[in-house]
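Take a look at the letters that make up each chain.
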Amino acid sequence: MELTKIILFLAFIITLISLSIQNKHLMLALMCVETIILLLFTILVLFLSSSLALSQTPIPIILLTISVCGAAVGLSLVVAITRTRGNDFLNNLNLL
């Protein structure tokens, strides 16, 4: 069980580093964010399954629901930006 937790934390750190390095495509940055959310979900389920508190049971489902909504919004933004600009390069976006 400890090896699983170490591997999940290592994957989380690697994904954070790849998100900070990612500066070319919006789609790849959104995929890194979704990977972070899924890793947080897995870590949360592992930690909450070890405790037997019933009041914390719906928290992973709520996190998963919010991440699905975020993925839908991110995908619609990628589609809208690709249709208007022709690509999803981050350096072409003026965010100010």
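Per an unreviewed UniProt entry, the chain is named NADH-ubiquinone oxidoreductase chain 4L, and its organism is Pseudonaja textilis. According to the UniProt record, the Function (unreviewed entry) comment for the chain is "Core subunit of the mitochondrial membrane respiratory chain NADH dehydrogenase (Complex I) which catalyzes electron transfer from NADH through the respiratory chain, using ubiquinone as an electron acceptor. Part of the enzyme membrane arm which is embedded in the lipid bilayer and involved in proton translocation." Note on the chain: under the UniProt heading Sequence similarities (unreviewed entry), the record states "Belongs to the complex I subunit 4L family."

1. Looking at the UniProt feature "transmembrane region" (unreviewed entry) in the chain
With numbering matched to this structure, UniProt assigns "transmembrane region" (unreviewed entry) to residues 6-21, 28-49 and 61-81. The span residues 28-49 shows a helical share of 100% and a strand share of 0%, and its end C-alpha atoms are spaced 31 Å apart.

2. With respect to the packing of helix α2 (residues 26-50) against helix α3 (residues 59-85)
Where α2 meets α3, the closest approach of the two axes is 10 Å, and the angle between their N-to-C directions is 175 degrees. With respect to α3, the axis of α2 lies roughly antiparallel. Of the residues in α3, those touching α2 at L26, M27, L30, E34, I37, L38, L40, F41, L44, V45 and L48 are I59, P60, L63, L64, S67, G70, A71, G74, L75, V78 and I81. Per-class residue counts for the contact of α2 with α3 are 18 nonpolar, three polar and one charged.

Scoring rules and cut-offs
Residues numbered from 1 in each chain as written. Predicted model: local features only at pLDDT ≥ 70, side-chain atom pairs only at ≥ 80, totals over all residues. Heavy atoms only, no water. UniProt positions renumbered as here; feature names shortened; annotations may be inferred. Helix = DSSP H or I, 4+ residues; strand = E, 2+ residues; numbered from the N terminus. Axes fitted to C-alpha atoms, helices over the stretch in contact; angles between N-to-C directions. Parallel < 35°, antiparallel > 145°, perpendicular 65-115°, else oblique. Contact = heavy atoms within 4.5 Å. Nonpolar A, V, L, I, M, F, W, Y, C, P; charged D, E, K, R; others polar.

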